[in-house]
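The lines below spell out each chain.
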There are 2 protein chains.
Amino acid sequence: MTLTASFAAQSATSPLGPHQITRRSVGAKDVQIEIEFCGVCHTDLHFSKNDWGMSNYPVIPGHEIVGKISALGAEVTHLKIGQRVAVGCFVNSCHVCSSCEADMEQYCLSGFTTTYNSPTQDPGNFTYGGYSKRIVVDKHFVLTMPDGLDPAAAAPLLCAGITTYSPLKHWGIKAGMTVGVIGLGGLGHMAIKLSHAMGAKTVMITTSESKVHDAKRLGADDVLISTDPVAMKKMLNQFDFIINTIPVPHDYNPYMWLLKVEGTMCIVGAVGPNAALNTQALVFGRRKIAGSLVGGIAETQEMLEFCAKHHIVSDIELIKIQDINQAYERMIKSDVKYRFVIDMASLPE
Amino acid sequence: MTLTASFAAQSATSPLGPHQITRRSVGAKDVQIEIEFCGVCHTDLHFSKNDWGMSNYPVIPGHEIVGKISALGAEVTHLKIGQRVAVGCFVNSCHVCSSCEADMEQYCLSGFTTTYNSPTQDPGNFTYGGYSKRIVVDKHFVLTMPDGLDPAAAAPLLCAGITTYSPLKHWGIKAGMTVGVIGLGGLGHMAIKLSHAMGAKTVMITTSESKVHDAKRLGADDVLISTDPVAMKKMLNQFDFIINTIPVPHDYNPYMWLLKVEGTMCIVGAVGPNAALNTQALVFGRRKIAGSLVGGIAETQEMLEFCAKHHIVSDIELIKIQDINQAYERMIKSDVKYRFVIDMASLPE
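Cut-offs and rules
- Residues numbered from 1 in each chain as written.
- Chains lettered and ligands numbered in written order.
- Predicted model: local features only at pLDDT ≥ 70, side-chain atom pairs only at ≥ 80, totals over all residues.
- Heavy atoms only, no water.
- Helix = DSSP H or I, 4+ residues; strand = E, 2+ residues; numbered from the N terminus.
- Rg over C-alpha atoms; globule rule 2.2 N^0.38 Å.
- Buried < 20%, exposed > 50% of the residue type's maximum accessible area, 1.4 Å probe, protein only.
- Contact = heavy atoms within 4.5 Å.
- Areas by Shrake-Rupley, 256 points an atom, 1.4 Å probe, with all protein chains shown as cover.
- Pairing = 2+ DSSP bridges.
- Least-squares fit on C-alpha atoms with pLDDT ≥ 70 in both.
- Axes fitted to C-alpha atoms, helices over the stretch in contact; angles between N-to-C directions.
- Salt bridge = Lys/Arg side-chain N within 4 Å of Asp/Glu carboxyl O.
- Nonpolar A, V, L, I, M, F, W, Y, C, P; charged D, E, K, R; others polar.
- Right-handed = clockwise from strand over helix to strand, strands pointing away.
- Phe/Tyr/Trp six-rings, centres within 6.5 Å; stacked < 30°, edge-to-face > 60°.

Things to note about the overall build of chain A
- When helices and strands are tallied, chain A shows 12 helices and 18 strands.
- The C-alpha atoms of chain A give a radius of gyration of 20 Å, which matches the 20 Å a tight globule of 349 residues would have.
- Expressed along its principal axes, the backbone C-alpha trace of chain A runs to roughly 60 × 40 × 35 Å.
- Here chain A holds 349 residues, and the buried ones make up 59% of them.
- Nonlocal contacts in chain A, meaning residues at least 24 apart in sequence, comprise 66% of its contacts between residues at least 6 apart.
- With an accessible surface of roughly 13,700 Å², chain A has 52% of that area assigned to carbon and sulfur atoms.

This is the structure in C-alpha cells:
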C-alpha cells in the first residue's frame, strides 16, 4: 500500500519534499495495524529537524502507536483481526544475542530496529513510524492492549510509560521505599504515577514552585524544590532511587547526595555528553548512576497490564496531524501537559 | 604515654615543628597495640602536605597498621596480650545508624572517625595514625591477623586490600565473570590478585605496554592496552565489572563501553571532581558507574581470612621511617612496586 507522508513537519524539513512511502506487504509473521492514535515524543521533534544529524528523509516519526489489526500473516495465530494493539519504540532485533534471549531487546547487541528511521533488511530502505494510517510490524513486537485503557491516552505508555516503568521495576520499587522524580514532563509525569502505584513514597524534585500542585495531583506525596538549600539539606540520604527525566545536559551532582547509601540515580532523559561528574557521593556511600532505555517487549506488555490494573494513562492533549508543527513549537517551550497525541483519523488517506 | 612525632615528613611540613603527642590511656573497651609495620598510602602523602586543605597539624599518618597487643581494657575478652592484630582506615563510628547496623561502618551516616586527623571526642584533639610506636583503639575496630600472612606485606591489606576486596565482593565476582582492573598501583595490583583469586577472568587495562609483564605475574589473564583502538573495539561489551583505581581525574567514558549490558564500573581511586560524563553507555545498556570506600570491619576481617587462605599479600618495599620523605617523592613519580611499608622498629622511642 502507498501512504503519502505529506504532514507539514516532515515535508517542511525534508530536502525531498512530499514523498511516496511504500509499506512492506504483510509477511507470514507480520501484523498490519490501522493506526488510531500516535503519541508525540521529543525524539520525533529531533528527527524531524535532524537535530542529531542522523535523520534519513523522508522521516515519518511516531513510536507511541495504538491501533486495530487489519491483516495478519499466516503464522500469526495469537492475534485477531480488529483487535486493539500497540507498537512502541522498536520493531525488530536480532533475537539471538544474550540481551534478546533475556527479553531485553532494547539492549540487543546487534542494535534493534527503531520504529522509524532505521535501515530495514532491504538495503536503502528505512522504517517509517506512527504518524501514518497504518503500519506493518513483526508479531513479536506487537503488544496487545488490555481492556479498560483509553486508547488515545494509552499511546504515550509505549515510550514515556515504559521508559519510566522499566527502571522502577528493575530497581524493585515498592512500598516502604522513597523515590525521587526529577523533571515534570512527558516522562516525569508518568514516573510519578507509576512510582505511586508501586506503593513508594514519591517525591517530585523540581526547580519550580509552579509544579507543586500538578505533581501532587499526579500522585506525588511530596515536592522538593531543588533551588532551596534548606529543603535540599533536609533530604540528604533520603532516597532509595531517583529517576532523572531532565532531557538536557545538567548538573546532577547535587541530586546524588539525596540518595541513601547504596542508592541509585537512573538517567532516562539526558542521553549524551553531560556535566562533569563529582565522584564523592558515589564513593562515600556506594551510590550509583545508571541509565535505562525503554523496556523489552515482555516488560512492555507487563507495563500495559499494570497500567490497566491501576487505571494509569498519560495526561494528553489530543491534536490533529495538521497541528503537528504548532505542537512541536509548544513542546520546545515545555508547553504541554503532558503529551500530545495525534488522532490519526485526521490524516487524509 | 608520650610519643615523639619527630619523623621527617611530618615535622618538615608542620608549622609547629616536632611535637609531643599524647595517646589516650587504655579504656575499658580499648586495645593498645605495639606497631610493627605501617603501610604508606597516597592519602598519607596528601595529609602530610595538606594537599586537601584539611590537615590538622601535627599529623601522624598511617592507616595500614599491623602490630601486637600490649594492653587490654577490662571489657576486652576476645583478644590476648601478644596477639598480632591490625587496624585500618577508621577507629570509630556511631554504631547506631542504618549503615553501622548493617556492618557498613565505612558509610556511617554520622561520619566515621578516621585513624588519623579526625577530631576525637575530647574537643580540640585529633586522632594520630600508624607512623608511631603504638596506638590505642576501640576493640570493635581491631582486626585479628590470621596465621600465615607475612605481617609487613599484610599491612597494605588494611587499605589497598579492603578497598578493592569490598567492591569485588559486593558485586559478586566469581568464576565465569570477566573483571577489568584499570590502573596498576597500590590498589590495582591488589585488585588483580583478589579478582584472580575469586576465580574471575581478570584483565589489566592500562595505557602502558611496560605493565604487561608485571600484570600477568600478579595474576592477570590478559592485558588490554587502552590506547590501542583495535584492541579496545574487540573488548566492547566484554566486562561484567571494572574496578577503576586511577587516582586522578580522567576520562572514564571510553571504559564504559567495555562493560556488558548491566555491567558496573566502580571508582575507588579518583575521588572528587572528575571528567564530564557521557550518559550514552549508561542508557544504551543499563550500565552503571558506582563508587566504593574501603570496607566494613566484619568485611575487613573476612578479607584478611580470604587473603590468608589464598596466600595473598601486597608486593612491598620495606623502608625505615627515616626514608619516608624519599618514599613520598618516589610515590609521586609512581616509582614503587607496589606499596611502601615502614618497619616501625626504625622509629626511636
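Let us keep going from here.
Here we look at helix α5 (residues 160-170) of chain B
Residues and elements named next belong to chain B.
- Counting buried positions over the 11 residues of α5 gives nine, a clear majority of the element.
- Considered for burial, the residues of α5 that qualify are A160, G161, I162, T163, T164, Y165, S166, P167 and L168.
- Packed against the buried residues of α5 are β10 (178-182), α6 (186-197), β13 (239-244), β14 (259-267), α11 (297-309) and β18 (339-343).
- At the C-terminal side of α5, G172 shows a positive phi close to 65°.

Side note on the pairing of β14 of chain B
All names here are of chain B.
- Of all the nine residues making up β14, seven are buried; the element is thus mostly covered by neighbouring parts of the structure.
- Alignment of β14 against strand β16 (residues 288-291), held across four bridges, turns out to be parallel. Each residue of the ladder has a partner; that of C266, found in β16, is A290.

Regarding the relation of the copies chain B and chain A
- Expressed as a screw transformation, the operator carrying chain B onto chain A has a rotation angle of 180° and an axial translation of 0.0 Å, and the superposed copies differ by an RMSD of 0.0 Å. Those values place the two copies in the arrangement expected of a two-fold rotation axis. For chain B, the smallest separation between a C-alpha atom and the rotation axis is recorded for A276 of chain B, amounting to 1.8 Å.
- Mapped onto chain A, 100% of the interface residues of chain B are again interface residues, and the two copies thus contact each other with one and the same surface.

Focus: the sheet that holds strand β12 (residues 222-225) of chain B
- Read across the sheet, 12 strands follow the order β12(A)-β11(A)-β10(A)-β13(A)-β14(A)-β16(A)-β16(B)-β14(B)-β13(B)-β10(B)-β11(B)-β12(B) without closing on themselves; strand pairing throughout is mixed. Where the open sheet ends on each side, the last strands, each with one partner, are β12 (222-225) of chain A together with β12 of chain B. The mean inter-strand angle of the sheet, taken between neighbouring strand axes irrespective of direction, is 20°.
- Here strand β13 (residues 239-244) of chain A pairs with strand β14 (residues 259-267) of chain A via five bridges, running parallel. By the bridge assignment, F241 of chain A is partnered in β14 of chain A with T264 of chain A.

Things to note about the interface of chain B and chain A
- At the junction of the two partners, chain B supplies 35 residues and chain A supplies 35 residues.
- Here chain B is connected to chain A by zero salt bridges.
- The element contributing the most residues to the side of chain B that touches chain A is strand β15 (residues 273-278) of chain B, with six residues.
- Counted by class, the side of chain B that touches chain A contains 19 nonpolar, 12 polar and four charged residues.
- Of the pairings in the sheet, the one linking strand β15 (residues 273-278) of chain A to β15 of chain B comprises three bridges and is antiparallel in character. The residue of β15 of chain B that forms the bridge with P273 of chain A is N278 of chain B.

Observations concerning the pattern of salt bridges
- Counted under the stated rule, the structure contains 26 salt bridges over all chains.
- Note that D214 of chain A and R217 of chain A form a salt bridge whose closest N and O atoms lie 3.0 Å from each other. Of this pair, D214 of chain A and R217 of chain A both sit in helix α7 (residues 212-218), separated by three residues, roughly a single helical turn.
- Overall, D214 of chain A belongs to the buried group, its relative accessible area being 10%.
- The partner of R339 of chain B in a salt bridge is E64 of chain B, with the nearest N and O atoms 2.6 Å apart.

A closer look at unusual backbone geometry
- In this structure, P58 of chain A follows Y57 of chain A across a cis peptide bond, with omega equal to -5°.
- As for its placement among the helices and strands, P58 of chain A is situated in the loop between α2 (42-48) and β4 (65-72).
- Positive phi, close to 70°, is recorded for H95 of chain B, a residue that is not glycine.
- Mapping H95 of chain B onto the fold places it in the loop between β6 (90-92) and α3 (98-101).

Considering the pairing of strand β11 (residues 201-206) of chain A
All names here are of chain A.
- Among the six residues in β11, five count as buried, and that is most of the element.
- Here five bridges tie strand β10 (residues 178-182) to β11, and the two strands are oriented parallel to one another. Directly across from V179, in β11, lies its bridge partner T202.
- A crossover connection joins β10 to the parallel β11 through helix α6 (residues 186-197); in handedness this β-α-β unit is right-handed.
- Here β11 runs beside β12; their pairing, made up of four bridges, is parallel. Within β12, the residue paired with I205 across the bridge is L224.
- For the crossover that starts at β11, traverses α7 and ends in the parallel β12, the hand is right-handed.

Description of the packing of aromatic side chains
Residues and elements named next belong to chain A.
- Under the criterion given, the structure shown has 12 aromatic pairs over all chains.
- Judged by centre distance (6.0 Å) and plane angle (75°), the rings of F90 and F141 are edge-to-face. Separated by 51 residues along the polypeptide, F90 in strand β6 (residues 90-92) and F141 in the loop between β8 (134-138) and β9 (143-144) bring together distant segments of the chain.
- With relative accessibility at 0%, the residue F141 sits in the buried group.
- Linked through ring pairs, F47, W52 and Y116 together constitute an aromatic cluster.

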